[in-house]
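The chain contents come next:
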Amino acid sequence: MKKKVLKFGGTSVGSIERILHAAKIIQNELKNGSKLIIVVSAMSGRTNELIDMSKSVSNNFNKRELDVMLSTGEQVSCSLLSGALNDLGINAKSWMNWQIPILTEGEHNNSRIINMNVDKINNFLKDGGVAVIPGYQGISTTGDITTIGRGGSDATAVAIAKIFDTDSCEIYTDVDGVYSTDPNKIPLAKKIDKISYEEMLELSSLGAKVMQSSAVQTAMMYDIPLQVRSTFTDRLGTKIFNKESLDYSKVVTGVAYSKDDAKITLQSVEDKPGIAADIFEPLGKNQINIDMVIQNVSSDGKTTDITFTVKRNDIEKSLEILNKNNKIKSKNISFKNNVAKISIVGAGMVTTPGVTYKMFRALAEEKINILAISTSEIKISVIIEESSTLKAVKKLHNIFNLD
Ligand code: ADP
Ligand code: ASP
Ligand code: MG
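The structure presented is a predicted model; accordingly, all values stated were derived computationally and were not measured.

1. Some thoughts on the state of the cysteines
Applying the stated rule across the entire model yields 0 disulfides. Of the cysteine sulfurs around Cys78, a residue in no disulfide, the closest is that of Cys169, at 16 Å. With relative accessibility at 0%, the residue Cys78 sits in the buried group.

Here's what the structure looks like:
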């Protein structure tokens, strides 16, 4: 008998009608003879509402208390789905993070799952029960409720697949699978039947929120194949698995974009050994991640301009740290918030020359200026003006034959 994890995202449990529909899917799976662990997200929009509520109390709302509140979103959908399954005559039961428990480590709002107790749930499954578990939440070793980062129910599903050693992990969502780009923004996007962990990891880290990146990372680390599929159609979804089994005929697999970045420029800083370290060390020590860095050639041999990108949420803190840093003498520190990061991803890039220039030429044809660039073996990202995002994604999708 197969043991499966089925994860239902926010839209899939976004209304009572949808919860009843998800219950029918579960009923069918049960008829096929599977043992089922169900992971649910909060009803769509609920987590945002809770965050907004906290902000209306304080802009600096206590993170421990925020986790207590955020965990209620998944608690509600868990109980509604279990109740709906009970109504269909199915022996279903929900468990909260502390009842299992789902142990986490790390800071509030951004913890990681480290272990779960499997005994109670395995016994329940043995007796034909369906276990319904909340995504996104856990409990710390000190007994505090935690959450594991936005979109974290995907990571809960993958952790359960690993810890309970299930035969499959299926992510039910509001699109048919992983597409060459966001199908809700670019209707010409094509569904991808199979994709490697590496490519999926790049796409999700670069903005394709259909799978949360840390979930993909865990799946890759433990070789847990994933399937992304629609709650609302029967169409075949996307398989995410080990790249050994893939062909590389396509140079670019997908185009992703995100609007979470900001660009900072330090004008005319001294061009001498150690200056980059002096700039970035205090930022790093304050948990600020730097993504792209550009250092211009010094025209006078004495000073240079350094541009880099940080997460938009970190911009104020970054500027404060830079302005306080008396090791750097810069003529001017400027920043730009309204930028977007556009990325092309494809395992085939490794063996195909000329992808970089083709991307840059295409953007130039659209009169889009590139503000920063970064590359890895299987991706190229550029920072551009935010207002040109869709134009850039459409153009790249087209010239790399993804339409
Ligand atoms: P869930 O609530 O089920 O976790 P999400 O909203 O987190 O769903 O993720 C699904 C959404 O991801 C889709 O509705 C789609 O708009 C978006 N998306 C972004 N990039 C892609 C992509 N490359 N393929 C599929 N969906 C994508
Ligand atoms: N409810 C959480 C969020 O909106 C987790 C999830 O949906 O995966 O981020
Ligand atoms: Mg999601």
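2. Considering a positive patch on the surface
A cluster of basic residues, Arg150, Lys185, Lys209 and Lys259, forms a positive patch at the surface. Turning to its location among the elements, Lys185 is positioned in the loop between strand S9 (168-173) and strand S10 (194-196).

3. Overview of the side chain of Thr47
Among the secondary structure elements, Thr47 is positioned in helix H2 (residues 46-57). Not counting chain neighbours up to four residues away, the residues in contact with Thr47 comprise Ala42, Leu70, Tyr136 and Arg150.

4. Digging into the nonpolar core
Formed by 47 residues in total, the largest nonpolar core has its most connected members in Ile121, Ile160, Cys169, Met200, Met211, Leu226 and Ile240. The element best represented in this core is helix H5 (residues 153-163), accounting for 6 residues. When neighbours within four sequence positions are excluded, Met211 is seen to be in contact with Asp154, Ile171, Met200, Ser204, Val216, Leu226, Val228 and Ile240.

5. Some remarks on the packing of helix H1 (residues 16-31) against helix H3 (residues 63-87)
In contact at an axis separation of 9 Å, H1 and H3 are set at 55° when each is read in the N-to-C sense. Classified by the angle between their axes, H1 and H3 sit oblique to one another. With respect to the hand of their crossing, H1 and H3 are arranged in right-handed fashion. Listed contacts from H3 to Ile16, Ile19, Leu20, Ala22, Ala23 and Ile26 of H1 are Leu80, Leu81, Ala84 and Leu85. Grouping the amino acids of the contact of H1 with H3 by side-chain chemistry returns 10 nonpolar, no polar and no charged.

6. Side note on the site of ligand 1
Close contacts around ligand 1 come from 17 residues, with Thr173, Asp174, Tyr179, Asp182 and Asn184 the closest. Within the contact set of ligand 1, an oxygen atom lies 2.9 Å away from a side-chain nitrogen or oxygen of Asp174. Its free accessible area being 570 Å², ligand 1 has 88% of it covered by the protein chains. Residue composition of the shell around ligand 1, grouped by class: 6 nonpolar, 7 polar and 4 charged.

7. So, the pairing of strand S2 (residues 35-40)
Burial analysis of S2 places 5 of its 6 residues in the buried class, which makes it a mostly covered element. By the bridge criterion, 6 bridges tie strand S1 (residues 3-8) to S2 in an arrangement that is parallel. Following the sheet pairing, Val5 is matched in S2 by Ile37. In terms of handedness, the path from S1 via H1 over to S2 forms a crossover that is right-handed. Judged from the 4 bridges that link them, S2 and strand S6 (residues 130-134) form a sheet pairing that is parallel. Within the sheet, the bridge partner assigned to Val39 lies in S6 and is Ile133.

8. Observations regarding the site of ligand 2
Lining the immediate surroundings of ligand 2 are Ser41, Ala42, Thr47, Glu74, Tyr136, Arg150, Gly151, Gly152 and Ser153. One of the side-chain nitrogen or oxygen atoms of Ser41 is found 3.1 Å away from an oxygen atom of ligand 2. In this structure, an oxygen atom belonging to ligand 2 sits 3.0 Å away from a main-chain N or O atom of Ser153. Alone, ligand 2 offers 260 Å² of accessible surface; in the complex the protein occludes 86% of this. Grouping the amino acids of the shell around ligand 2 by side-chain chemistry returns 2 nonpolar, 5 polar and 2 charged.

9. Some points on the packing of aromatic side chains
All chains considered together, the criterion is met by 3 aromatic pairs. Between Trp95 and Phe124, the aromatic rings sit 5.2 Å apart at their centres with planes inclined by 80°, giving edge-to-face as the arrangement. Residue Trp95 is located in the loop between strand S3 (92-94) and strand S4 (102-105), and its partner Phe124 is located in helix H4 (residues 119-126); the two are separated by 29 residues in the primary sequence. Summarising the burial analysis for this pair, Trp95 and Phe124 share the class buried. For the cation-ring pair, Lys93 lies above Phe124, with the distance from its terminal atom to the ring centre recorded as 5.9 Å.

Quick notes on the rules
Residues numbered from 1 in each chain as written. Chains lettered and ligands numbered in written order. Predicted model: local features only at pLDDT ≥ 70, side-chain atom pairs only at ≥ 80, totals over all residues. Heavy atoms only, no water. Disulfide = S-S within 2.5 Å. Buried < 20%, exposed > 50% of the residue type's maximum accessible area, 1.4 Å probe, protein only. Patch = residues over 30% accessible without salt bridge, like charges linked within 9 Å, V, L, I, M, F, W, Y side chains within 5 Å. Areas by Shrake-Rupley, 256 points an atom, 1.4 Å probe, with all protein chains shown as cover. Salt bridge = Lys/Arg side-chain N within 4 Å of Asp/Glu carboxyl O. Lys, Arg positive; Asp, Glu negative; His and termini not counted. Charge placed at Lys NZ, Arg CZ, Asp CG, Glu CD. Helix = DSSP H or I, 4+ residues; strand = E, 2+ residues; numbered from the N terminus. Contact = heavy atoms within 4.5 Å. Core = buried A, V, L, I, M, F, W, Y, C linked by side-chain atoms within 4.5 Å. Axes fitted to C-alpha atoms, helices over the stretch in contact; angles between N-to-C directions. Parallel < 35°, antiparallel > 145°, perpendicular 65-115°, else oblique. Left-handed = near helix turned anticlockwise from the far one by under 90°. Nonpolar A, V, L, I, M, F, W, Y, C, P; charged D, E, K, R; others polar. Near = heavy atom within 4 Å. Polar contact = N/O pair within 3.5 Å; in protein donor to acceptor, adjacent residues only side chain to side chain. Pairing = 2+ DSSP bridges. Right-handed = clockwise from strand over helix to strand, strands pointing away. Phe/Tyr/Trp six-rings, centres within 6.5 Å; stacked < 30°, edge-to-face > 60°. Lys NZ or Arg CZ within 6 Å of the ring centre and 35° of its normal.

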